[in-house]
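Structural overview
Chain residues, written in single-letter form:
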Amino acid sequence: MRASVAGIVAAATLGLLTADTLAADARTYTQLNLFGDAYDRVRRAYVEPVADEFLIRSAINGLLAALDPDSVFLTPKDYQDLLANKVRVYDGLGLEITMSEGVAAVVAPVDGGPAAVAGLRTGDLIVDINGTPVYGMNLTETIQALQGQPGTTADLVIVRQGSDPFRLALKREAVGEPQVTMRTRGNEGYVRIPYFTPNVLAQVTKSVNDLSARLGDNLEGIILDLRNTPGGSHEAALQVADAFLTEGPMMGIKGRAEGDSKTFNATPGDILNGRPMVVLIDGGTAGAAEIVAGALKDRGRAIALGTTTFKRGSAQSMVQMGDFGYVQLTTGYYVTPKGASIQNDGIVPETVVEPARVILPEDRFPRRTEATLRGALDIPAGGRQAVATEGAEVDYQLARAFDLLHALALVRQIAAN
Amino acid sequence: MIRTSVVRAGLAAGLACMLSSAVPVQAAETTAYQQLNLFGNVFELVRARYAEPVDEQRLIYSAINGMLAALDPHSAFMAAQEYRDMQQRTSGEFGGLGLEVRMEEGLVRVSRPMEDSPALRAGVKANDLITHLDGSPVLGLTLNEAVEKMRGRVNTPIDLTIQREGVAQPVVVRVIRDIIRQPSVSYRLEGNAAYIRISSFSEQTESGVRRAMTELRDQLGDKFEGVILDVRNNPGGLLEQSVAVVDAFLERGEVVSTRGREQGNVQRYTARRGDLAEGRPIIVLTNNGSASASEIVAGALQDHKRAIVLGTTTFGKGSVQTIMPMGDQGAMRLTTSRYYTPSGKSIQGTGVVPDVVVEQARIQPLRTATGAAPTAAPPPAAGPGATTPPDYQLARAIDLLHSLAVYQKAPVVN
């Protein structure tokens, strides 16, 4: 019985292969045989009966987990949940994770969520969730363990570089879909994408339109803030990149198998009409956010400012396995128009600015200027006003981005005159 | 996608042939085949389409390990080299660092470096937190896996990355592996008691216990008051050896029984005549690190009321693993039976609960009225060397054993 169970898979698989690969096939046969042997022994000798489905599911999980965290098996129900957008990583704790060395690694917390408020950071490792070790779980299981009803608590054990492991109790909230926000500083616009939800393009377009409506022709350009934007939908990312690019390649996927490589090209139209852009990135800029940053940077559409991104750039394909479910398999890697691999290289900013806080000098007395002198001439109507220090930026990277954008606008004005 | 469907067709054809053969195949077997086909399909998909070329052997090993690890924490796959290492280790060709460690929040905490060990010489200290082994993270490893990684051939180096309290930057310490002499059995006199420490159950355990008893009884003669069997932090080992140790102190009766999956697949181990302690009291010292074979000893002697178990509740591992060689590809360690103490209890999950619960407390002497520290003898040291803290549990065991001896010798008043 044992030999036949093992043999059937090996023989059937070998039947497909051509003669010139026979040596390799013999090795494959040996390996499949080994698995069949192990499976059969466990079925017969384990201390208690175990469902075949459980054994094979665990084996498939083990096999896929050895590849990468994003290659996973989905039951039909898992798949339906995915389609219905029920698996929203930002729900509950507001936390995007990946797997690293068998435990959960924080990609970045989502703006305003419990994880962000509690100060979780990119690179923090979650080793235990509610008393259950994360080791041995795959990404799907870990996300399920983190999720729960609003009001319930997740007890986490966190390992952070440079400190002893510590416990953190996070209360889950109905975080809701993260929203794109915008504001202005002077004539510069600022757009923040906290997460690439499927609706992100509409929100970005609305933000840019609102900025245009507010500032009209004075709009000098925008800062697209993708710092700590942990990812989301790759399709939505490509839509956002396309919104600012009018033609040519935005991003490519390089696969090993034929048919798994492709190039995504931009379609006509730029919602910002070619005005300058600065894209702000950091170590928490991951996945979908890296796709946007890479496309805009490599095509010369935006200047990337900040620090190197997270490096999460694999592309998955969904393959149905009969009635059993689906395999989500990594079949390629994203490559920028200039050939950088997001997975290996990340997006490297043209202008490196480390995160810092700006501490402004305290004004103990009003500063003396001509206008403060007694008997100074009145400022004529319509004369130049000093740029107010209104809302001076304490976020150093952002301050530098605003300065850069303003300088770009000045250079453009000079060139135009 | 096309390729995948072809694979499925091929497998289905193979399956059909099998099913149409003369042998009637039960429904359960059909499910087994269908599931195995599913595995074959996933394997083929990965081979054909994964973003990078794959190492098939690694994939299959990972699959087997995934299957076994999902069953219980003690079932695992050992690749050929690992299996050879495991076999060689018992022959003493393998070296270690000489560290007593425990797992804390996914990292390895040093309980203490052993006397005259490579780790001590290299400057590893008690309470150090080991985060990386040869640069790769400890996180994600089980304690056993981490210990396996620290072991290796004698004279080979390993770099430990250590977080030490009060030191901001991690320290990297290089330790050269050496043979760690940790005899299965060590012994000494504690007052008029025979103190026998069993650190693991290897093939030398029974003979070690017999030698210890002979030697200590020779030294004590008529003053012999009893035996303290210390199985604290003893992770277990060979089932037969634990049975032999119990047998050495038990005149008759069942020691332990193991039950496999099949009905009637019960194996009973019983004691033969003879008691090395000649009926004198025995105390078994246990703690949370006493597992498996240690629990068989504690459970059997407790059930027969042959010993008083003192300390803290044991680990609670009530399963037996079988090593199954897989040709030249390594071996599987698979849980094949459970064991039960003589009273029919499984200690799985619950452990052996001591008759006398004594935590390993730290004792701080109070100053007496005259301002001087009490002059009573301090509790015995936990091991050789003056720097180790006193062993409170052992002190309580010695007291108890002595009290029992006094009580038994006392004249009957009525």
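Helix and strand counts for chain B stand at 10 helices and 19 strands. Pairs at least 24 residues apart make up 64% of the contacts formed inside chain B by residues separated by at least 6 positions. Here chain B has roughly 20,500 Å² of accessible surface; of this, 52% comes from carbon and sulfur atoms.

Moving on to the overall build of chain A. When helices and strands are counted, chain A shows 11 helices and 17 strands. Residues classed as buried in chain A amount to 50% of the 417 residues present. Put simply, of all contacts in chain A between residues at least 6 apart along the chain, 69% involve residues at least 24 apart. As displayed, chain A has an accessible area near 19,600 Å², and 52% of this comes from carbon and sulfur atoms.

Listed per partner, the contact involves 80 residues of chain B and 76 residues of chain A. With both chains or domains summed, chain B and chain A bury close to 6,800 Å², and 68% of this area falls on carbon and sulfur atoms. One can count 2 salt bridges joining chain B with chain A. The closest approach of N and O atoms between E48 of chain A and R338 of chain B, which form a salt bridge, is 3.0 Å. Summed over the shared surface of chain B and chain A, the number is 19 residue pairs in polar contact (both at pLDDT 80 or more). For the side of chain B that touches chain A, the secondary structure elements donating two or more residues are α1 (2–19), α2 (27–49), α3 (56–69), β4 (107–113), β17 (319–325) and β18 (331–340) of chain B. In terms of residues, the side of chain B that touches chain A owes the most to one element, α2 of chain B, which gives 21 residues.

Right, let's get into the environment of G259 of chain A. Residue and element names in this part refer to chain A. Of note, G259 is situated in the loop between β11 (249–255) and β12 (262–265). G259 gets classed as exposed once you look at its relative accessible area, which sits at 66%. Spatially, the C-alpha atoms of G259 and G151 are 46 Å apart, while their sequence positions differ by 108 residues.

The next point concerns the domain arrangement of chain A. Interfaces are often described in size by the accessible area the parts lose on coming together. According to the domain assignment, chain A consists of domain 1 (2–67), domain 2 (89–171) and domain 3 (181–352). Taking only C-alpha atoms into account, the centre of domain 1 of chain A sits 41 Å from that of domain 3 of chain A.

Another aspect to go through is the side chain of T258 of chain B. All names here are of chain B. Residue placement: T258 occurs in strand β13 (residues 254–259). By relative accessible area, T258 is classed as buried at 7%. Those residues in contact with T258, other than ones at most four positions away along the chain, are L239, N265, V266, Q267, Y269, V320, S337, R338 and Y339.

Before going further, it helps to spend a moment on helix α3 (residues 52–65) of chain A. Residue and element names in this part refer to chain A. For α3, with 14 residues, the first-to-last C-alpha span of 20 Å sits near the 20 Å given by 1.5 Å per residue. Across the 14 residues of α3, 11 count as buried, placing the element largely inside the fold. Listed in full, the buried residues belonging to α3 are D52, L55, I56, R57, S58, A59, I60, N61, G62, L63 and L64.

Attention now moves to the sheet that holds strand β15 (residues 282–286) of chain B. All names here are of chain B. Pairing in this open sheet of 6 strands is mixed, and the strands run β10-β11-β12-β15-β16-β19 from one edge to the other. The sheet is open, and its two edges are formed by β10 (185–190) and β19 (356–357), each paired on a single side. Note: strand β12 (residues 226–230) against β15, 4 bridges, orientation parallel. Its bridge partner being in β15, V227 is matched across the sheet by I282. Against the sheet, helix α9 (residues 293–303) engages β12, β15 and β16 (308–311), with an angle of about 145° to β15.

All names here are of chain A. Taken together, the 6 strands give an open sheet; going across it, the order is β8-β9-β10-β13-β14-β17, and neighbouring strands pair in mixed fashion. Since the sheet does not close on itself, it has two edges, and those belong to β8 (181–185) and β17 (351–352), each with one partner. Across 5 bridges, β8 lies against strand β9 (residues 188–192) in antiparallel orientation. Paired with R183 across the strands is Y190, a residue of β9. Against the sheet, helix α7 (residues 200–215) makes contact with β8, β9 and β10 (221–225), and its axis sits at roughly 30° relative to β8, the strand it touches most. Across the face of the sheet, helix α9 (residues 288–298) comes into contact with β10, β13 (277–281) and β14 (303–306) while running at roughly 140° to β13.

On to the pattern of salt bridges, then. Residue and element names in this part refer to chain A. Enumeration over the complete set of coordinates arrives at 37 salt bridges over all chains. The partner of R43 in a salt bridge is D52, and the shortest N-O contact between them spans 2.7 Å. The class for D52 is buried, based on a relative accessible area of 11%. Salt bridges here are not isolated pairs; linked through shared partners, they connect D111, R192, D225, R227 and D395.

The next point concerns the nonpolar core. Within the largest apolar cluster, 45 residues are counted, with the highest numbers of intra-cluster contacts made by F35, V42 and L64 of chain A together with F39, V46 and F77 of chain B. With 8 residues, α2 of chain B is the largest single contributor of residues to this core. Leaving out residues up to four positions away in the same chain, V46 of chain B has contacts with L63, L64, L67, R256 and L329 of chain A together with V54 and L59 of chain B.

Calculation rules
- Residues numbered from 1 in each chain as written.
- Chains lettered and ligands numbered in written order.
- Predicted model: local features only at pLDDT ≥ 70, side-chain atom pairs only at ≥ 80, totals over all residues.
- Heavy atoms only, no water.
- Helix = DSSP H or I, 4+ residues; strand = E, 2+ residues; numbered from the N terminus.
- Contact = heavy atoms within 4.5 Å.
- Areas by Shrake-Rupley, 256 points an atom, 1.4 Å probe, with all protein chains shown as cover.
- Buried < 20%, exposed > 50% of the residue type's maximum accessible area, 1.4 Å probe, protein only.
- Buried area = accessible area lost by both parts, 1.4 Å probe.
- Salt bridge = Lys/Arg side-chain N within 4 Å of Asp/Glu carboxyl O.
- Polar contact = N/O pair within 3.5 Å; in protein donor to acceptor, adjacent residues only side chain to side chain.
- Domains from an automatic or database assignment.
- Expected span 1.5 Å × (residues − 1).
- Pairing = 2+ DSSP bridges.
- Axes fitted to C-alpha atoms, helices over the stretch in contact; angles between N-to-C directions.
- Core = buried A, V, L, I, M, F, W, Y, C linked by side-chain atoms within 4.5 Å.

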